[in-house]
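Notes for the structure review
Residue strings, one per chain:
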Amino acid sequence: MTDAIRVSSPITGTDKTMSFEAGHLAQLADGAVLARIGDTMLLATVTAARSAREGMDFFPLTIDIEERAYAAGKIPGAFFRREGKLSDQAILICRLIDRPLRPSFPKGFRNEVQVVGTIFSADQENPHDILAINAASAAIMISGMPFDGPIGAVRMAYTVDGEWVPHPTYAEGDAATFELVVAGRALSDSVNADVAIMMVEAGGTEGSFEKYLDGAPKVSEDVLAAGLEASKLWIREAINLQRELVRDFIADRGPLPIFPYETFADYQDDVYARVESVGGVALTEANKITTKAARNEALAAATASITEQLSSEFEGRAGEIKAAVRSMTKKLVRRRIVEDGVRIDGRGVADIRPLSAELDLFPMTHGSALFQRGETQVVNVTTLGMPRMRQQLDTISPDEFRRYMHHYNFPPYSTGETGRVGAPKRREVGHGMLAERALVPVLPSEEEFAYTLRVVSDVMQSNGSTSMASVCGSTLSLMAAGVPIKAPVAGIAMGLVYEEGNYVTLTDILGAEDAFGDMDFKVAGTADAVTALQLDTKIDGLPADVLAKALHQAKDARLAILKVITDTIAEPRSEVAEVAPKIVSMQIPIDKIGEVIGPKGKVINTLQQETGADIAVDDDGVVGTVTIGAKDGRAVEEARRRISLILDPPSADVGAIYQGRVVSIAKFGAFINILPGRDGLLHISKLAPLNGGKRIGQVEDVLELGQSLEVKVDDIDPQGKVSLSLVGDFPDVVDEAPRSRERRPERDSRPERDSRPERDSRPERDSRPERSGSSSPKSSSFEASFEAELAGEIGDLGPGGPTFSDGDGGGRRSPRPRRR
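Residues numbered from 1 in each chain as written. Predicted model: local features only at pLDDT ≥ 70, side-chain atom pairs only at ≥ 80, totals over all residues. Heavy atoms only, no water.

1. Re the overall build of the protein chain
Within the protein chain, the secondary structure is distributed over 19 helices and 29 strands. Scored against the burial criterion, the 820 residues of the protein chain give a buried share of 49%. As displayed, the protein chain offers around 39000 Å² of accessible surface, 50% of which is attributable to carbon and sulfur atoms. (Helix = DSSP H or I, 4+ residues; strand = E, 2+ residues; numbered from the N terminus. Buried < 20%, exposed > 50% of the residue type's maximum accessible area, 1.4 Å probe, protein only. Areas by Shrake-Rupley, 256 points an atom, 1.4 Å probe, with all protein chains shown as cover.)

If you want it as structure tokens, here you go:
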């Protein structure tokens, strides 16, 4: 086995070290790198086909992240106890890797490439997503593939003190108000080279607006731009470490293998020249049509006409003709934007399409809204649920639950096409998570609003930035559902065209402008703070002043959209919908949780059955939380009243008679609930009247759970334990004890114990022959002796066992404990 090549470097401003190791694991892959920060470790591998598949007209790059449960010392919770489909978090990491890697391969490269990241160790402190981006780039760098790298990445956290911290732990990220993931590449081979930012994924943290109220600085456009600039230092460190790995790898293993490949042009120059001469005018006029459907129809007609005219001249090259038409369309659109300041649909570069919003579309939903921007239309529905409806996460991260879920659906009819409908694709997962990230910072805490929240965004029609329309519509539906969000959130998609040294920023881009532009970025936020950002650029380097201008232009658009939202609904409704569950929460001492739940859940189940409310009990190790929910508010109030009585039960009075209910049965008697939160013991010795005055062998012979009966409080001991007796007309107790003793000598051939004079003469036994008198002494003596017998047989009955104020059960010996 060969020795591994290892490189490591301290991370500036932290006590952490990033390391890469190659040449030890997965040596049959084209490239394999084991990366580590802290005790988080993962292996990134890359393999590629040596030729392109015939007919392949795009770059087939696949990214997979395999989160092994053993990395966190867990066994998967699924039925088969093994890992299944990728988690949403893993899908997001795949997208984070894909976005900077894909444009770094040569244009026209068509070989299939697969990157697989396997998480071997997750220390629950250091996230593995940034490590995965750097490791994937490093693996490609030592593979010999054509790649314009390395790509470096870093996560930054904005603290409550207004500082950007690199590579934060999970805990540091949660304590911050904003997190920023940035990837880029160096513009030269110098160790101090400037860095071109290629990808940004950012968002506010849960509870960040509460931190703002406590004095933490808000994340504005200027703060965000400063964070992007600061990130370049740590991106450069990751790039330099990868270069060091490549140098050491070559020094130890020799030159990197030469990867044979060829690039494929979508069309040849002769085809483009003829398309321009034959169809230039038709394409120019078609691109001036402002509506999407009519424009697409005109472009399709022009393309068909051009293809027909050139088919004989370029026989068998119809694909090249169509590709040339698309390329020319892109050139016309970009030229018109840069030279004339006019876009495809006739708008200026900073204009927003017409906006509209509607509420309460569907009667049985808890909150619904429709948001429309031009030809982009999204329906958003909010559903409120009990806390137990939160999503339980079976991942290797420290997060265990997800209280707010945002799901995004993009059906094929939204673009006027046919297609597959079913499980969400990675793009849909990514768009939903982006919208979720934008809204999490403004959501109320669970203490303020106990509901679990789910928002679904269904795209009805699409022509640009449905993800940001989902943010706007979700704000509307949350407010309509009565969710007390801290502030409305709006989102806008921006674009940029760079042509002949000119940067032109576009507001509210169309789908075609997204495809034809050089950068697209989406910004969401409130009137005075950014809550989410996603950026991808195709050009090398973005001047700081251009980025700052674009961010401020996005804020102007965001404010305009917020006005439409607040004109539709000024603030969250004060009450949830009639069809939504009504939920209240109350904190209880942690030692009272058992009383609310009851043995085997009997108390809480009874409360739910009798009130119709849904009751959940949870705790954080310090205090318990009871959450009560029901569609009928009266059921909620009744359940809360009963729980309050359990926590502070009313006192029973000695001699008082109560109508009780059997709530528990033991060998020594039955526990009767006589008041809310107050039970008493009806001892087995006092149940004879229910059996015709005869002693009973088992409590179950005469009583059953839930049975109602009238009882009297005989005694309450200093510990508050209540002793009960039956109330009513019952036959006298028939004492069968003497007959039982008379039969013993015949069975055992032993002398009768009671005949021994020394025992008969004991004072405490003198009362035993007085059968005709009061039964109280006899009952008390029996109770005490029975208690002693049980204690000897099964041990101390504990605080729930019977306690009596008189009688000593004299003379009966406790049997020896049974051997287990």
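2. Notes on the confidence of the model for the protein chain
Averaged over the protein chain, the pLDDT score is 87; the fraction of residues at 70 or greater is 89%. A low-confidence stretch, residues 737-782 stays under pLDDT 50, and its non-local contacts, those more than four residues away or across chains, total 26 contacts. The model gives residues 797-820 a pLDDT under 50, and that stretch makes 43 contacts with residues more than four places away or in other chains. (pLDDT = per-residue confidence, 0-100. Contact = heavy atoms within 4.5 Å.)

3. Some points on helix 16 (residues 633-647)
With 15 residues, helix 16 ought to run about 21 Å at 1.5 Å a step, and its terminal C-alpha atoms sit 21 Å apart, in line with that. Taken residue by residue, helix 16 has A635, V636, A639, I643, I646 and L647 as its buried positions. Taken around the axis of helix 16, the buried residues stretch over an arc of 110°, which confines them to a single face. Contacts made by the buried residues of helix 16 are with strand 22 (582-589), helix 14 (593-597), helix 15 (602-611), strand 23 (614-619) and strand 24 (623-630). You can read the cap of helix 16 off the contacts: a side-chain oxygen lies 3.0 Å from the backbone nitrogen of R634, and it is on D632. (Expected span 1.5 Å × (residues − 1). Arc of directions from axis to C-beta. Polar contact = N/O pair within 3.5 Å; in protein donor to acceptor, adjacent residues only side chain to side chain.)

4. Comments concerning the pattern of salt bridges
Where charged atoms of side chains with opposite charge meet at close range, the side chains can pair. According to the stated counting rule, one finds 46 salt bridges in the structure shown. When the shortest N-O distance is used, the salt bridge between R110 and D266 registers 3.0 Å. Taken together, the residues span a long stretch of sequence, with R110 in the loop between helix 1 (88-101) and strand 6 (113-121) and D266 in the loop between helix 6 (232-253) and helix 7 (269-286) at a distance of 156 residues. For D266, a relative accessible area of 41% corresponds to the partly exposed category. Here D567 ties to K563 by a salt bridge, and the two come within 2.9 Å at their closest N and O atoms. (Salt bridge = Lys/Arg side-chain N within 4 Å of Asp/Glu carboxyl O.)

5. Considerations on the sheet that holds strand 1 (residues 5-10)
One open sheet holds the 6 strands; their spatial order is 1-2-3-4-6-5, and the pairing between them is mixed. A single partner strand is all that each edge strand has here, and the edge strands are strand 1 and strand 5 (61-67). Here the average twist between neighbouring strands, direction ignored, is 15°. Across the sheet, helix 6 is in contact with strand 1, strand 2 (17-22) and strand 3 (31-37); its angle to strand 1 comes to roughly 155°. (Pairing = 2+ DSSP bridges. Axes fitted to C-alpha atoms, helices over the stretch in contact; angles between N-to-C directions.)

6. Focus on a negative patch on the surface
On the surface, a cluster of negative charge is contributed by D174, E206, D399, E400, E446, E447, D619 and D620. Within the fold, D620 resides in the loop between strand 23 and strand 24. Of the residues examined, D620 reaches a relative accessible area of 56% and is grouped as exposed. (Patch = residues over 30% accessible without salt bridge, like charges linked within 9 Å, V, L, I, M, F, W, Y side chains within 5 Å. Lys, Arg positive; Asp, Glu negative; His and termini not counted. Charge placed at Lys NZ, Arg CZ, Asp CG, Glu CD.)

7. Structural notes on helix 9 (residues 318-340)
If you check helix 9, its first and last C-alpha atoms are 32 Å apart, about what 23 residues at 1.5 Å a residue would give, namely 33 Å. Where helix 9 is buried, its residues meet helix 7, helix 8 (292-310), strand 18 (490-499), strand 19 (502-507) and helix 12 (511-516). At the C-terminal side of helix 9, G341 shows a positive phi close to 70°.

8. So, unusual backbone geometry
Residues G149 and P150 are joined by a peptide bond in cis, for which omega reads 0°. With respect to the helices and strands, the residue P150 is situated in the loop between helix 2 (129-141) and strand 7 (151-158). Backbone geometry places D508, a non-glycine residue, at a positive phi of 60°. Along the chain, D508 turns up in the loop between strand 19 and helix 12. Located in the positive-phi region is K600, a residue other than glycine, with phi close to 55°. Following the sequence through the fold, K600 ends up in the loop between helix 14 and helix 15. For K600, a relative accessible area of 83% puts it in the exposed group.

9. Quick notes on the packing of helix 1 against helix 10 (residues 426-439)
If you want to describe how two helices pack, look at the angle between their axes and the distance between the axes. Between helix 1 and helix 10, whose axes approach to 10 Å, the crossing angle comes to 100°. Classified by the angle their axes make, helix 1 and helix 10 are roughly perpendicular. Contact residues: D88, I91, L92, C94 and R95 in helix 1; R426, R427, V429, G430, H431, M433 and R437 in helix 10. Taken together, the residues that form the contact of helix 1 with helix 10 break down as 5 nonpolar, 2 polar and 5 charged. (Parallel < 35°, antiparallel > 145°, perpendicular 65-115°, else oblique. Nonpolar A, V, L, I, M, F, W, Y, C, P; charged D, E, K, R; others polar.)

10. Examining the nonpolar core
Across soluble globular proteins, nonpolar side chains have a tendency to be buried as a group. Membership of the largest hydrophobic core comes to 155 residues, with the highest contact counts inside it found for L180 and F521. Counting residues per element, this core draws most heavily on helix 2, which supplies 10 residues. Among the nonpolar cores identified, the runner-up in size contains 21 residues, and A656, L675, V702 and V722 belong to it. (Core = buried A, V, L, I, M, F, W, Y, C linked by side-chain atoms within 4.5 Å.)

11. Looking at the sheet that holds strand 9 (residues 178-186)
One open sheet holds the 8 strands; their spatial order is 8-7-9-10-21-20-18-19, and the pairing between them is antiparallel. Across the chains shown, the open sheet's two edge strands, defined by having one partner strand only, are strand 8 (164-166) and strand 19. Averaged over all pairs of adjacent strands, the angle between their axes in this sheet comes to 25°, without regard to strand direction. Strand direction decides the pairing type here: strand 7 and strand 8, joined by 3 bridges, are antiparallel. Counterpart to M156 in the pairing with strand 8 is P166. Helix 6 contacts strand 7, strand 8, strand 9 and strand 10 (195-204) of the sheet and is inclined by roughly 145° relative to strand 7. Against the sheet, helix 9 touches strand 18 and strand 19, its axis set at about 90° to strand 18.

12. What about a nonpolar patch on the surface?
Nonpolar side chains collect at one region of the surface, where L25, Y70 and F120 lie side by side and expose about 270 Å² of accessible area between them. You can see Y70 is positioned in the loop between strand 5 and helix 1. Classification of Y70 as partly exposed rests on a relative accessible area of 49%.

13. So, the environment of D632
Relative to the assigned elements, D632 resides in the loop between strand 24 and helix 16. Through-space distance from the C-alpha of D632 to that of K582 is 6.9 Å; in sequence the pair is 50 residues apart.

14. Topic: the side chain of K522
Among the secondary structure elements, K522 is positioned in strand 20 (residues 519-525). On the accessibility criterion, K522 (10% relative accessible area) is buried. A polar atom in the side chain of K522 sits 3.3 Å from the side chain of D520. Residues in contact with K522, not counting those within four places in the same chain, are L434, S467, M468, I492, A493, A532, L533 and Q534.

15. Here we look at the packing of aromatic side chains
One pass over the full model with this rule turns up 13 aromatic pairs. Aromatic side chains F59 and F105 sit 4.9 Å apart centroid to centroid with 55° between the ring planes, which places their arrangement in the tilted category. Here F105 lies in the loop between helix 1 and strand 6 and F59 lies in the loop between strand 4 (40-48) and strand 5, a separation of 46 residues in the sequence. Arranged with centres 6.1 Å apart and planes meeting at 90°, the rings of F668 and F671 form a pair that is edge-to-face. Both residues of the pair, F668 and F671, belong to the buried class. Among the aromatic side chains, those forming a connected cluster through ring pairs are F59, F105, F109, F147, F259 and Y261. Lying across the ring of F410, R427 places its NZ or CZ 4.4 Å from the centre. (Phe/Tyr/Trp six-rings, centres within 6.5 Å; stacked < 30°, edge-to-face > 60°. Lys NZ or Arg CZ within 6 Å of the ring centre and 35° of its normal.)

16. Notes on the environment of T205
Mapped onto the secondary structure, T205 falls in the loop between strand 10 and helix 4 (208-213). Residue T205 is classed as buried on the basis of its relative accessible area, which comes to 8%. Note: C-alpha distance between T205 and T177 (28 residues apart in sequence) is 5.3 Å. In this structure the side chain of T205 is engaged in a polar contact, spanning 2.6 Å, whose partner is the backbone oxygen of A176.

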